[in-house]
Amino acid sequence: MTDAGTAPGWLRLKGRALALAQPLSANLELTYRCNWRCVFCYNPRHHDLRGLRGPEWIAVLDDLRALGTLAVALTGGEALTHPDFLAIARAARERSFALRIFTNGSLVTEAMADALAALDPIGVEMSLHGASAETHDRTTGRPGSFDALLHGLERLQRRGLPLLLKTPLTWINEQELDAIIELAARLNVPHKLDATLTPRDDGDRSPLEYRASPEGVERMYGRLAERGRLPFTERAAGAVNCGLGRITVAIDPEGNVYPCLQWKRTSLGNVRQTPLRDLWRSSPERAEAARVALAANEALMGMGEALARFPFCPALAFQRTGDPLRPDETHTLQAETVQRIRDP
Amino acid sequence: MGLSSVLAHRWRGFCLALGVAALGVAALLTPLPARAQSCTAPAFATRADLSTTGSPIAVAAVDVDRDGSLDLRATTQTAVMSLRRGNGTGGFLRRGDDPRGGLHVLLRGRGLQSGRPAGHRGGERRWTVESSSTEPLRRPPVVASAPMSPRPAKGIRGLRGIVWVNPRVRKGSWPLWERVRGGWPGRENQAYSANASKATSASAPRSRPPRTSWAWAPRTAWCTLCGSPSPRDPLPSWTSGRPGKPFRMVVGRGLAMPERVDPKESTKPDGAPGSPPGRERYEKPAVAWEEVLETRPGLMQGCAKLPGQTGPCESATAS
Amino acid sequence: MSYRYAPRLAWQLIDGEAVVVDLDRSRTLGLNRVASLIWSFLPERDEATIAAEMARRFDVSLETATSDVSEFLRSLRAQGLVVEA
């Protein structure tokens, strides 16, 4: 992440937020519940015995407002399964947050589509796991999920909501890569591909067994290169790798606070015991995470051009190697693949 | 963005502290609304910036080492408090760090010249006052923390920004304060008084300044060095020591340094704070910049734009 | 005259500067410091009160502040960023 500069504009303000550790972006995992059972899901369970209720989430929103958050993403599990989802989403908009909603789309009925449209979200992001029902449903573990997704997407599209389809690349769907890209184009919805899988939040590494093959990953980056969308990071000495510990915050369904959605190694605390604003401001863990973001930039700069120019997540590195500054083999392979494609 | 710019914030309250230092300790420890009976006009040194070990939360001018010179002690967002020992002539000796940090509030006042840290740590349920030595630290201290007794009411949990301590509190006795005024995030401009001797009752003030009165100093500002705000004036003010002549400091965000220190004085015949001294430079209100809004797919997509859109990758709402 | 924020907005203050996300026109705007202060006073204060506060806080006459605040709020309304309360 390079210097924001001094010219008026969003980048300069973002730089100020980095300096002030103002969490511009918040990810709220409303619930562990989900009506799908994706084979590589990062969630450790699918129940909410100790989950936050609507009023508790709304109190979190108040604290986020005070902390200077601009954008809130509601996710899960499946966010729409939270019984107070709409109340929370409305509260977010009433507090002038920019709202994103992550959903599998299968629960978007006509009524829900109307309600979502009334919220004016800046984005609704849904998951597409295959170009066919067979592949998609195999990934989600739910027959009929593919059709349900498409129906939900159509309802939202008809109402003009800004949509995004996301496809995690796995060995299950990598053979349908071109068909998936074509499907998204045919649906006229922006599309995101990602070969990154993460262990479950409880440390279970079994999701990683679904990683795409190196050939599949290379083909994916080839397609991205054709569209001018190869991932690229420009690094400068003294800059931060990412907003970890500074401009992002995440809260899990039970109220545990993290400096980012992936950084689950230590929580800053729990909002049921300490108000979020106190946790954020006084947390040594947050400060430590911020230092990691700084150190990660320096570390990656010294690892050669391929790794230095490839986006890096310290949280994922920690999950895979135990060291937030050391990328694992998969990451290195992807970085080298991208470098090879970029500079043949 | 370098470490120094991210973690070490500059201490613009220096000049105010110097001005306060010039008044002597007595004026500092006098409760507010305070009226020093006789005092020379404050003289301010050249404004300078001081760094702390982390984002400062609360700062107090106290005589830590009891050498007769005011020092500055600040709690920060790290586990370390910063200390600048004053030299008695407006300057400072070497900077020291006190590892007993992590608390939000600095107490000061008669009988509490140490500027003892107090408050609660994130995740804990009790208020703590460090009772260790007041001497400047040259090695890690033996710290004994004790819960306050009686325990403050739930209503003031999360309270920060204690602005003064009533000198009627008996030195060395509990409770440490009888009257506390401050606020906490979300209710920054509300003053609450807590009378711990009555076993934890906290009462809201009669007047409640509107939240937006903090907007000039951004919404989440809270007091660092401050005095008693007039019910008619939601901004924190500091009594200079001259009867009825407050001057005002507007503080910035709690995560940043104070944005402005206003050394000028103003007065009304009745001694209440008057019109703001030293108004800020004015510019005609306007939109400063405008950019296209786009949703960025995500980090792993690199600098990817949505089809058909142009503009910078870093949109305001990117995650 | 009193105003409130238009419904299809998001906004926040960053270091005293307001950033406004205009969902209607797909744009992001930044306001200068004086404008940010005016923006943050909405909707709890009316135009006259805001102007008086500007004259109090800034080195500007009440007359100029009144004129500038009025003009600015009218421009915001013309851009669909505020509506009359």
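Quantities reported herein were computed from a predicted structural model and do not represent experimental measurements.

Thresholds applied
Residues numbered from 1 in each chain as written. Chains lettered and ligands numbered in written order. Predicted model: local features only at pLDDT ≥ 70, side-chain atom pairs only at ≥ 80, totals over all residues. Helix = DSSP H or I, 4+ residues; strand = E, 2+ residues; numbered from the N terminus. Buried ≥ 20, exposed ≤ 12 C-beta atoms within 10 Å, placed from the backbone. Contact = placed C-beta atoms within 7 Å. Nonpolar A, V, L, I, M, F, W, Y, C, P; charged D, E, K, R; others polar. Core = buried A, V, L, I, M, F, W, Y, C linked by C-beta atoms within 7 Å. Pairing = 2+ DSSP bridges. Axes fitted to C-alpha atoms, helices over the stretch in contact; angles between N-to-C directions. pLDDT = per-residue confidence, 0-100.

Quick look at the overall build of chain C
Right, so step 1: If you tally the helices and strands in chain C, you get 3 helices and 5 strands.
Right, so step 2: Starting at the N terminus, the α and β elements of chain C follow one another as β-β-β-β-α-α-α-β.
Right, so step 3: Across the 85 residues that make up chain C, the buried fraction comes to 51%.
Right, so step 4: When contacts within chain C are restricted to residue pairs at least 6 apart in sequence, long-range pairs at least 24 apart make up 43% of them.

Concerning the overall build of chain B
Right, so step 1: A count of helices and strands for chain B gives 3 helices and 14 strands.
Right, so step 2: Every one of the 319 residues in chain B was classed for burial, and the buried ones make up 49%.
Right, so step 3: Here the contacts in chain B between residues at least 6 apart in sequence split such that 49% fall between residues at least 24 apart.

Some remarks on the interface of chain A and chain C
Right, so step 1: Contacts between the two partners involve 16 residues from chain A, matched on the other side by 15 residues from chain C.
Right, so step 2: Here the side of chain A that touches chain C takes 5 residues from helix H1 (residues 10–20) of chain A, the largest share from any one element.
Right, so step 3: Residues that form the side of chain A that touches chain C fall into these classes: 9 nonpolar, 5 polar and 2 charged.

Concerning the nonpolar core
Right, so step 1: Formed by 132 residues in total, the largest nonpolar core has its most connected members in A:Val72, A:Leu74, A:Ala293, C:Ile38 and C:Met54.
Right, so step 2: For this core, the leading source of residues is helix H10 (residues 284–301) of chain A, giving 9 residues.
Right, so step 3: Once residues within four sequence positions are removed from consideration, A:Leu74 is found in contact with A:Leu28, A:Leu30, A:Ala79, A:Ile88, A:Ala89, A:Ile101 and A:Phe102.
Right, so step 4: If you look at the next biggest cluster of nonpolar residues, it comprises 5 residues, including B:Ala61, B:Leu70, B:Leu72 and B:Ala74.

Here we look at the sheet that holds strand S4 (residues 27–31) of chain C
Right, so step 1: Spatial strand order, S14(B)-S4(C)-S3(C)-S2(C): 4 strands in an open sheet with antiparallel pairing. Two strands close off the open sheet at either side, each with one partner strand: strand S14 (287–292) of chain B together with strand S2 (9–14) of chain C. Neighbour-to-neighbour, the strand axes of this sheet turn through a mean angle of 20°, independent of strand direction.
Right, so step 2: Two strands pair when backbone bridges link them, and S2(C) and strand S3 (residues 17–22) of chain C are joined in this way by 6 bridges, in the antiparallel orientation. Along S3(C), the bridge assignment pairs C:Gln12 with C:Val19.
Right, so step 3: Set on the sheet, helix H1 (residues 33–41) of chain C makes contact with S14 of chain B together with S2, S3 and S4 of chain C; between it and S3(C) the angle comes to about 65°.

Notes on unusual backbone geometry
Right, so step 1: The amide bond that connects C:Leu42 to the next residue, C:Pro43, takes the cis arrangement and shows omega of -10°.
Right, so step 2: Mapped onto the elements of the fold, C:Pro43 is located in the loop between H1 and helix H2 (47–57).
Right, so step 3: Its identity is not glycine, yet A:Ser96 carries a phi of approximately 65°, on the positive side.
Right, so step 4: When you line up the elements, A:Ser96 lands in the loop between helix H3 (85–94) and strand S3 (98–102).
Right, so step 5: Note on A:Ser96: 16 C-beta atoms within 10 Å, which makes it partly exposed.
Right, so step 6: Phi at C:Asp15 takes a positive value of approximately 55°, unusual for a residue other than glycine.
Right, so step 7: Tracing the sequence through the fold places C:Asp15 in the loop between S2 and S3.
Right, so step 8: A count of 21 C-beta atoms within 10 Å places C:Asp15 in the buried class.

A closer look at the confidence of the model for chain C
Right, so step 1: Averaged over chain C, the pLDDT score is 94; the fraction of residues at 70 or greater is 100%.
Right, so step 2: For this predicted complex, the interface score ipTM comes out at 0.95, while the overall pTM is 0.63.

Considering the pairing of strand S7 (residues 248–251) of chain A
Residue and element names in this part refer to chain A.
Right, so step 1: Burial along S7 is two-sided: Thr248 and Ala250 facing one way and Val249 and Ile251 facing the other are all buried.
Right, so step 2: Summarising the sheet, strand S1 (residues 25–29) and S7 pair through 4 bridges and their orientation is parallel. Residue pairing across strands places Ser25 opposite Thr248, the latter belonging to S7.
Right, so step 3: Bridge count for S7 against strand S8 (residues 256–258) is 2 bridges, and the pairing is antiparallel. Looking at the pairing, Ala250 lines up with Tyr258 of S8.
Right, so step 4: If you look at the hairpin formed by S7 and S8, you'll find 4 residues sitting between the two strands, and Gly255 has a positive phi there, around 95°.

A closer look at the sheet that holds S8(A)
Residues and elements named next belong to chain A.
Right, so step 1: The mixed open sheet is built from 9 strands, whose spatial order is S6-S5-S4-S3-S2-S1-S7-S8-S9. With partners counted over all chains shown, the strands left at the sheet margins are strand S6 (191–194) and strand S9 (269–270), one partner each.
Right, so step 2: In this structure, strand S2 (residues 71–75) lies alongside S3, joined through 4 bridges in parallel fashion. Bridge pairing in S3 links Ala71 to Ala98.

Examining the environment of A:Gly322
Right, so step 1: As for its placement among the helices and strands, A:Gly322 is situated in the loop between helix H12 (314–321) and helix H13 (329–342).
Right, so step 2: Distance in space between the C-alpha atoms of A:Gly322 and A:Arg265 is 9.9 Å, their sequence separation being 57 residues.

A word on the confidence of the model for chain B
Residues and elements named next belong to chain B.
Right, so step 1: Residues with a pLDDT of 70 or more make up 10% of chain B, whose mean pLDDT is 44.
Right, so step 2: Mean pLDDT across the elements of chain B bottoms out in helix H1 (residues 3–7) (28) and peaks in S14 (92).
Right, so step 3: Counting contacts from residues 1–45, a segment whose pLDDT is below 50, to residues more than four positions away or on other chains yields 108 contacts.
Right, so step 4: Considering only residues more than four positions removed or in separate chains, one finds that residues 120–127, a stretch of pLDDT under 50, has 24 contacts.

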